[in-house]
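# Coordinate inspection notes
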Amino acid sequence: MIKIDSYGHYYNPQNGKYYKKGKYYRKKGENNQNKLRETKSEINQVHNLDNSLYKMSIKNNHNHPIKVSIIMPTYNKYNQISLSLYGLSKQTFPDSDYEVILVDDASSDKTRDILKEIDVPFKFKYIRMKKNKGRSFVRNIGIKHSEGDVLIFLDGEMLVTPHFIQNHYKHHLQETNLVVTGAMHYEGVYTFIMPDYNEDQFAHLKDLVRKDPKYMEIYESYERTRHKSKKPYPLVTIEDIDTERFQSLSFSNRYFLNSGLKHFGERLKGFTLPYIAFLSGNVSVRKEELNKSGYFDETFVGYGAEDWEIGYRLYKNGAQFVLDPSTVAYHQEHPISKKKLKEQWGNHYRFVKKHPNIDVLILSLEWKELSFMHMHQTLVEYNALDERFPNEYNELKKAFRTMLFRIIECLNNEQPVTELYKLPGGSEERIKIHQQFETLRPRGFDYLASSFEQIYQL
């Protein structure tokens with residue numbers, strides 16, 4: 001059954017697509033406030049730019065100054081994009097003050113149909129890459145075509161609430177050189193049933209649908225027909241977004257906060273690794289700060305670390321990091337790629353090779369499942385050791401840095417993580433390392449001693 005709402009939109013649950021019946025979308029009660037668009041033909045006009053790398057199409061190509069540019073990379077997430085764009089259409093932020101730049105990294109699904117299937121109240125730039133170029137490259141394309149002073153990086157499958165843009169933007173009005181993130185307050189949501197979900201995802205979803213009879217009925221219908229089709233099966237409609245009913249299918253994942261960051265407050269005061277808050281799924285920064293620090297490093301391809309690397313450069317240029325739960329977005333869950341872990345370690349290896357500094361190398365301890373609080377305390381003690389005993393512990397510090405690098409090198413090469421700093425039993429260096437290690441705890445360097453001990457024995 002096709003549902004039609006009061007604006008003349010309709011949503012077809014058979015194919016999961018959201019359409020509009022020849023109308024330009026406006027929020028409830030809006031009285032044609034945007035005087036930049038005067039005729040229907042002007043509204044529906046699409047401006048095109050074609051070059052050797054990509055084609056860009058622009059809807060609502062007005063000349064009003066843009067304050068915020070939302071840059072959304074996407075690859076084969078056609079089913080989630082329309083819901084994401086619908087959420088961005090419901091913003092309290094003035095329509096003419098923001099733009100959305102959707103950069104399609106040569107998707108092989110129906111993502112290219114988005115341009116003709118949806119209509120939105122903001123300036124919309126759809127950029128389709130002619131070849132797949134990777135996350136960093138396509139985000140940089142988005143930056144280059146952005147008009148806003150403030151850039152919000154948002155993954156294409158993110159579903160936002162009405163105050164999302166306003167809550168990001170207000171911080172940048174008050175201060176410069178800020179990085180604002182909602183990603184630490186991660187919320188996931190199941191908007192479609194994907195046949196390629198793994199067993200854990202199906203079990204998780206089944207628990208969630210029990211909260212709402214409507215979703216339980218949809219899930220049971222899917223179970224009866226799941227073997228007949230491999231297409232995504234829609235759970236959430238735009239009406240569910242309007243009423244916030246979709247939240248019964250959502251869940252929290254506070255991995256970063258529960259790993260120590262909550263101890264430092266929303267400004268991460270005193271935290272030695274603030275750059276890990278730059279998570280490109282939901283983060284904002286002024287464009288002028290990126291012009292100073294540089295854009296995404298395009299040698300990073302696939303999943304992981306490209307956002308931490310640019311965050312690290314911003315941190316070194318004095319950026320302040322802010323965790324704001326009011327900027328949270330809902331990640332529409334999708335099947336997990338089997339290549340994800342390999343890509344993650346490969347990019348982490350690029351990160352430590354580019355910045356072989358102790359405040360980057362220390363993240364290798366995550367492999368040992370040590371918390372970010374433990375990493376922070378270890379780094380605090382390492383720096384204190386440097387300051388208090390500048391001419392001592394040279395052998396131990398060298399061994400520690402080498403082992404941290406070797407962890408990531410082994411993981412990147414898919415080798416066993418063992419014998420990270422192999423020395424002959426009676427060698428002078430080995431004896432010195434042991435002697436220096438024995439004095440760490442008596443001098444109060446407990447976290448450093450613990451971290452060193454855990455990887456030196458591997």
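Residues numbered from 1 in each chain as written. Predicted model: local features only at pLDDT ≥ 70, side-chain atom pairs only at ≥ 80, totals over all residues. Heavy atoms only, no water.

## So, the packing of aromatic side chains
- Summed over the entire model, instances satisfying the criterion amount to 30 aromatic pairs.
- With a centroid separation of 5.3 Å and an interplanar angle of 40 degrees, the aromatic rings of Y98 and F122 are classed as tilted. With Y98 in strand β7 (residues 98-104) and F122 in the loop between α3 (114-117) and β8 (123-129), this pair connects stretches of sequence that are 24 residues apart.
- Residue Y98 is classed as buried on the basis of its relative accessible area of 0%.
- Take F122: its relative accessible area is 0%, and that puts it in the buried class.
- With 6.4 Å between their ring centres and 55 degrees between their planes, F153 and F278 make a pair best called tilted. Here F153 is found in strand β9 (residues 150-154), whereas its partner F278 is found in the loop between α9 (255-258) and β16 (282-286), with 125 residues between them in sequence.
- In this structure F153 comes out as buried when scored by relative accessible area, which is 0%.
- Each member of the aromatic cluster is reached from another via a ring pair, and the members are Y190, Y197, F202, Y219, Y222, Y233 and F251. (Phe/Tyr/Trp six-rings, centres within 6.5 Å; stacked < 30°, edge-to-face > 60°. Helix = DSSP H or I, 4+ residues; strand = E, 2+ residues; numbered from the N terminus. Buried < 20%, exposed > 50% of the residue type's maximum accessible area, 1.4 Å probe, protein only.)

## Re the side chain of S259
- Tracing the chain through its elements places S259 in the loop between α9 and β16.
- Judged by relative accessible area, S259 falls into the buried class, the value being 12%.
- In this structure the side chain of S259 is engaged in a polar contact, spanning 2.8 Å, whose partner is the backbone oxygen of Y255.
- Among all residues touching S259, those that are not within four sequence positions of it are S371, F372 and M373. (Polar contact = N/O pair within 3.5 Å; in protein donor to acceptor, adjacent residues only side chain to side chain. Contact = heavy atoms within 4.5 Å.)

## Topic: the sheet that holds β16
- Strand order in this open sheet of nine strands is β4-β5-β8-β7-β6-β9-β16-β11-β17, and the pairing throughout is mixed. The open sheet has two edge strands with one neighbour each: β4 (46-50) and β17 (320-323). Each strand of the sheet is rotated relative to its neighbour by a mean of 20 degrees, with strand direction disregarded.
- Note that strand β6 (residues 68-74) and β9 share four bridges and pair parallel. Following the sheet pairing, I70 is matched in β9 by I152.
- On top of the sheet, helix α4 (residues 135-144) reaches β5 (54-59), β6, β7, β8 and β9; it is set at about 155 degrees to β6, its chief contact. (Pairing = 2+ DSSP bridges. Axes fitted to C-alpha atoms, helices over the stretch in contact; angles between N-to-C directions.)

## Describing α4
- Burial analysis of α4 places eight of its 10 residues in the buried class, the great majority of the element.
- All buried positions along α4 are accounted for by S136, F137, V138, R139, N140, I141, G142 and I143.

## Overview of the sheet that holds strand β12 (residues 186-189)
- Read across the sheet, four strands follow the order β10-β18-β12-β15 without closing on themselves; strand pairing throughout is mixed. Single-partner strands in this sheet number two, and they are β10 (158-160) and β15 (250-253). Strand-to-strand twist of the sheet, defined as the mean angle between neighbouring strand axes without regard to direction, takes the value 35 degrees.
- Both β10 and strand β18 (residues 329-332) contribute to a ladder of three bridges, which runs antiparallel. Within β18, the position partnered with L159 by the bridge is Y330.

## A closer look at the pairing of β6
- The element β6 is extensively covered by neighbouring structure, given that seven of its seven residues are classed as buried.
- Relative to β7, β6 runs parallel, the two being bridged by seven bridges. Bridged to M72 within β7 is L102.
- Running through helix α2 (residues 78-89), the crossover from β6 to the neighbouring parallel element β7 is right-handed. (Right-handed = clockwise from strand over helix to strand, strands pointing away.)

## Things to note about the packing of helix α14 (residues 372-388) against helix α17 (residues 446-456)
- α17 packs onto α14 with a crossing angle of 110 degrees between their chain directions and a minimal axis gap of 7 Å. Here α14 is positioned roughly perpendicular relative to α17, judged by the angle of their axes. In this structure, α14 uses H374, Q377, T378, E381, Y382 and L385 to contact α17, whose residues at the interface are D446, Y447, L448, S450 and S451.
- Class assignment of the residues belonging to the contact of α14 with α17 gives a composition of four nonpolar, five polar and two charged. (Parallel < 35°, antiparallel > 145°, perpendicular 65-115°, else oblique. Nonpolar A, V, L, I, M, F, W, Y, C, P; charged D, E, K, R; others polar.)

## Re the packing of helix α16 (residues 428-438) against α17
- For the pair α16 and α17, interaxial distance at closest approach is 11 Å and the crossing angle is 145 degrees. Across the interface between the two elements, R430, I433, H434 and F437 of α16 pack against A449, F452, E453 and Y456 of α17.

## Re the confidence of the model for the protein
- Mean pLDDT over the protein works out to 88, with 90% of the residues at or above the 70 mark.
- In this model, residues 1-41 is a region of pLDDT below 50 whose contacts with residues beyond four sequence positions or in other chains number 91 contacts. (pLDDT = per-residue confidence, 0-100.)

## Focus on the environment of T92
- Mapped onto the elements of the fold, T92 is located in the loop between α2 and β7.
- Taking the C-alpha atoms as reference points, T92 and T161, 69 residues apart in sequence, are found 9.5 Å from one another.
- In this structure the side chain of T92 is engaged in a polar contact, spanning 3.4 Å, whose partner is the side chain of H163.

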